[in-house]
2 protein chains.
Amino acid sequence: MCYIIKKINKIKNKVINQNKQIKIKGWIKNIRTSKIGIFFIDINDGTSLNHLQIIVNKEIICNLNKKITNGCSIKAKGIIFYNKKIKKNEIKIKNMKIIGHIKNPKKYPIGKKYHSLEYLRSISHFRPRTKIISSISRIRQSLVYYLHQFFQKHNFIWIPTPILTSLDTEGYSKMFEIKNKIFKKKTFLTVSGQLNLESYACAIPKVYNFGPVFRAENSNTTKHLTEFWMLEAEIGFYNLKKTIEICKKMLFYTVKNTIKHNHEDINFLIKYNKSNLNIDYLLKNNIVELDYIDIINILKKKEKIFTNPIKWGTNITTEHEIFLTEKYFKSPVIIKNYPKQIKPFYMKINKDQKTVSCMDIIYPHIGEIIGGSERESNIKKLDNNILSKKLNKKNYWWYRELRKFGTIPHSGFGLGLERLLMYITSMKNIRDVTPFPRYPKNLNF
Amino acid sequence: MCYIIKKINKIKNKVINQNKQIKIKGWIKNIRTSKIGIFFIDINDGTSLNHLQIIVNKEIICNLNKKITNGCSIKAKGIIFYNKKIKKNEIKIKNMKIIGHIKNPKKYPIGKKYHSLEYLRSISHFRPRTKIISSISRIRQSLVYYLHQFFQKHNFIWIPTPILTSLDTEGYSKMFEIKNKIFKKKTFLTVSGQLNLESYACAIPKVYNFGPVFRAENSNTTKHLTEFWMLEAEIGFYNLKKTIEICKKMLFYTVKNTIKHNHEDINFLIKYNKSNLNIDYLLKNNIVELDYIDIINILKKKEKIFTNPIKWGTNITTEHEIFLTEKYFKSPVIIKNYPKQIKPFYMKINKDQKTVSCMDIIYPHIGEIIGGSERESNIKKLDNNILSKKLNKKNYWWYRELRKFGTIPHSGFGLGLERLLMYITSMKNIRDVTPFPRYPKNLNF
């Protein structure tokens, strides 16, 4: 007899392919028995949000090689049929075998009961077996794949910028230092590949990277990790306006395709998180766009509700972001042209000599998702910026040379992957959208 | 008047679109003048192997804002026409402006003369402006994009495994250690995400990662970097045979599509490197497959030509790899079932109790490109392996738990990106296929 091996997401709930012979492999998620000794067993193989129900006779169960419990891995053969009552396909099992049993079922860390997300973090090696984490994993795959596809379609070149570095991009970041005698130099983990990427943008004007970056900060929040993935793009001949345009296009393309391919998972997570994420709204791609000064004026009117001071020259903090995106505009917001003193040396100073040509995109519930700017392409102005930030010109010799020999205007941005993933999955803690999150005191797994 | 902005690779050399008005931006690669004062200038914008020739009158040149030299960035407008003599499209310039000039042209690190690859490494920030490095960058983009596409098409899920770790995957690797007080634990840079990936494969059976890995080894060879990119896949319910099959499929799919989209760049690099890379051969996808023991028997017959000893239990070294792939088989070779003592603890021991179910894929001129194996999925056997390699069971508590609760047979492999890129670009030194290579004493840029 010929059996077809099927992944569970390929067993569509339609009245077709009836009586076909199917082979499946997966893990047992639930076992129920009827009075007449028939077993209804839920199986999943990680490909689908919904389990597949298989119907097994008592005889088959009694003849099994090992005791059957939740969490066992099994393989089984049977005939597919459409259950009109529940409007789902099921499989009548003819043959079944336990592959990996559980010696002590009481000790299996994922029982049938409700597990908190905090508990699941403590068993990060088992949590992909839950609906929550497998859903997030499938959504992440789409998000990242469509990001790559977007950049391929727009003729960008992926550049693997180095993790090990002797240079501090931002000029004020807390970096991890590495013990070593190999490089004969102080060695750090990168906080951003931007400067390296700029050298490629000054030769091949559309480039991007996508890789891990690090912050040696002792911050214990729901939105920070010490290790996270950033997508950075640098684009020759682009100004701020064109950079904002391509960011919006990128977000729209990626989110649209992810929603299309993962609507089941996304809807499940919306319910699970009791989220008010509005998918239709996301697809309208409307983002408010305002200057920093206008944002300050809006915030000033509500000054009393904030604990942090609001005046020109101060940072927009979390409480302000929440107010703007969740209460005032009820939408993502693009804030442009910040004061130069709160932004890094590489940003281009505007004609007003006070602000820099930059933008942050902030999202409801998440905060900053994207930060970008025009880069200073004039050597004299760049040197002034380096000086005014009290950085050492010598450290940036090659970055400065890009401005001395055939310089071009260019802009770039960085997107925090986990932040965007939080938004689209409605998850509230960044530690739950990363397979093995790194944060203070946590280097497990 | 309406001008269309064109990237240079989009200006196809066909007798169509004549007399269209075109805007271009790019860098000057070469300047020639005719006796009657017409300037023939080669322009490139990083999108194309071949430069675009523009024709500029003396008048326009004289009226330029700055002195025109090689390496200047310019923007220009003009009319496209087909030059029958050279069978190429050219542009008669009406308007031109220098964007970024070069104050001291003698100091521009990329002159017209021949530059050695060693020299180019010393100016890694400028080398993407050369044909060699821009070609490699475009090929890398294709290679990586089609790798991601292959895994997406085969329903794999990308998992970002952590870089910061407290665990040594291989059990004997030289790892970089990080100074920090944040994790309250000894912290290292990962050598492989395999163990983490396995925990996902034991829930969602098709997973892969793609990220940087590190080796704190003082090795100064043309095939090693201290930081390089690895693609690793773990596949539940797969044995060695199926793993070899999917590796071959992956290589074939990726190489086929890269050749299709980058044949010009690949052919240029074949000529540049005087390589005997046979593209037709690559597309036949024939790879010799032999057991380690058979390889040893072949090598023993030629024992005299090798400096390293050959007997059962020894490693296959570079000289053996060269002999096998370049002289004996003249093809890539898959070597299977190595002795257990020279392979890591996680590999599944064969029934003979002497060998492990593993494979290495070695390529002519490159050496190992892929290494993979079945993973030991039985807890007792795994514990024996850990013991026999003198490792500490406690460190692997969660990895061991995967075998205690619903274990499944599974296999995986790792592909070295730079090695594959070396092969397809015909480049002989791994430092030239990485934008900013890290190796002993080199942490520049």
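Residues numbered from 1 in each chain as written. Chains lettered and ligands numbered in written order. Predicted model: local features only at pLDDT ≥ 70, side-chain atom pairs only at ≥ 80, totals over all residues. Heavy atoms only, no water.

*Asks:* Explain the sheet that holds strand 8 (residues 164-165) of chain A to me, please; I cannot follow it from the model alone.
*Replies:* Adjacent strands of a sheet pair through backbone hydrogen bonds, lying either parallel or antiparallel. What the 6 strands build is an open sheet, ordered 8(A)-10(A)-9(A)-9(B)-10(B)-8(B); its pairing is antiparallel. Both outer strands of the open sheet, strand 8 of chain A together with strand 8 (164-165) of chain B, are each paired with one neighbouring strand and no more. Bridge count between strand 8 of chain A and strand 10 (residues 187-189) of chain A: 2 bridges; the pairing is antiparallel. If you follow threonine 165 of chain A over to strand 10 of chain A, its bridge partner there is phenylalanine 188 of chain A. (Pairing = 2+ DSSP bridges. Helix = DSSP H or I, 4+ residues; strand = E, 2+ residues; numbered from the N terminus.)

*Asks:* Just checking my understanding: could you explain a positive patch on the surface for this structure?
*Replies:* On the surface, a cluster of positive charge is contributed by Lys242 of chain A together with Lys7, Lys23, Lys25, Lys75 and Lys97 of chain B. Its location among the elements puts lysine 75 of chain B in strand 5 (residues 73-83). We classify lysine 75 of chain B as partly exposed; its relative accessible area is 38%. (Patch = residues over 30% accessible without salt bridge, like charges linked within 9 Å, V, L, I, M, F, W, Y side chains within 5 Å. Areas by Shrake-Rupley, 256 points an atom, 1.4 Å probe, with all protein chains shown as cover. Salt bridge = Lys/Arg side-chain N within 4 Å of Asp/Glu carboxyl O. Lys, Arg positive; Asp, Glu negative; His and termini not counted. Charge placed at Lys NZ, Arg CZ, Asp CG, Glu CD. Buried < 20%, exposed > 50% of the residue type's maximum accessible area, 1.4 Å probe, protein only.)

*Asks:* When you look at the packing of aromatic side chains in this model, what are you seeing that I'm missing?
*Replies:* Between two aromatic rings, the relevant description is the distance of the centres plus the angle of the planes. One pass over the full model with this rule turns up 58 aromatic pairs over all chains. Between tyrosine 145 of chain A and tyrosine 146 of chain A, the ring centres sit 5.5 Å apart and the planes meet at 75 degrees, which makes this aromatic pair edge-to-face. Judged by its relative accessible area of 5%, tyrosine 146 of chain A is buried. A centroid spacing of 6.3 Å and a plane angle of 45 degrees characterise the contact between phenylalanine 436 of chain B and phenylalanine 445 of chain B, whose relative ring orientation is tilted. Judged by its relative accessible area of 3%, phenylalanine 436 of chain B is buried. Judged by its relative accessible area of 8%, phenylalanine 445 of chain B falls in the buried class. Taken together, Tyr200, Phe345, Tyr346, Tyr396, Trp397, Trp398 and Tyr399 of chain A together with Phe436 and Phe445 of chain B form an aromatic cluster joined through their ring pairs. Over the ring of tyrosine 439 of chain B we find arginine 431 of chain B; its NZ or CZ atom is 3.5 Å from the centre of that ring. (Phe/Tyr/Trp six-rings, centres within 6.5 Å; stacked < 30°, edge-to-face > 60°. Lys NZ or Arg CZ within 6 Å of the ring centre and 35° of its normal.)

*Asks:* Quick question: what am I supposed to make of the pairing of strand 12 (residues 227-236) of chain A here?
*Replies:* Residues in a regular strand point their side chains to alternate faces of the sheet. Residue and element names in this part refer to chain A. The buried fraction of strand 12 is high, at 10 of 10 residues. Residues Glu227, Trp229, Leu231, Ala233 and Ile235 of strand 12 are buried on one face, and the alternating residues Phe228, Met230, Glu232, Glu234 and Gly236, pointing to the opposite face, are buried as well. For strand 11 (residues 206-214) and strand 12, the ladder comprises 9 bridges, and the chain directions are antiparallel. Bridged to proline 212 within strand 12 is tryptophan 229. Here 7 bridges tie strand 12 to strand 17 (residues 410-416), and the two strands are oriented antiparallel to one another. Bridging from a neighbouring strand, methionine 230 pairs with glycine 416 of strand 17.

*Asks:* How should I be thinking about the packing of helix 3 (residues 131-153) of chain A against helix 5 (residues 240-272) of chain A in this particular structure?
*Replies:* Two packed helices can be described by the angle between their axes and the distance between those axes. Residue and element names in this part refer to chain A. At their nearest, the axes of helix 3 and helix 5 sit 9 Å apart, and the two run at 165 degrees to each other. As far as their axial angle goes, helix 5 and helix 3 are roughly antiparallel. When you trace helix 3 past helix 5, the crossing you get is right-handed. (Axes fitted to C-alpha atoms, helices over the stretch in contact; angles between N-to-C directions. Parallel < 35°, antiparallel > 145°, perpendicular 65-115°, else oblique. Left-handed = near helix turned anticlockwise from the far one by under 90°.)

*Asks:* For this particular structure, what's the right way to read the relation of the copies chain A and chain B?
*Replies:* What relates the pair of chain copies is a rotation about an axis plus a shift along that axis. Once turned by 180 degrees and shifted 0.0 Å along the axis, chain A lies on chain B with an RMSD of 0.0 Å. The two molecules are tied by a two-fold rotation axis, judged by turn and shift. When C-alpha distances to the rotation axis are compared across chain A, the minimum falls at isoleucine 178 of chain A, with a value of 2.2 Å. (Least-squares fit on C-alpha atoms with pLDDT ≥ 70 in both.)

Function cannot be read off these values alone, since they describe shape.
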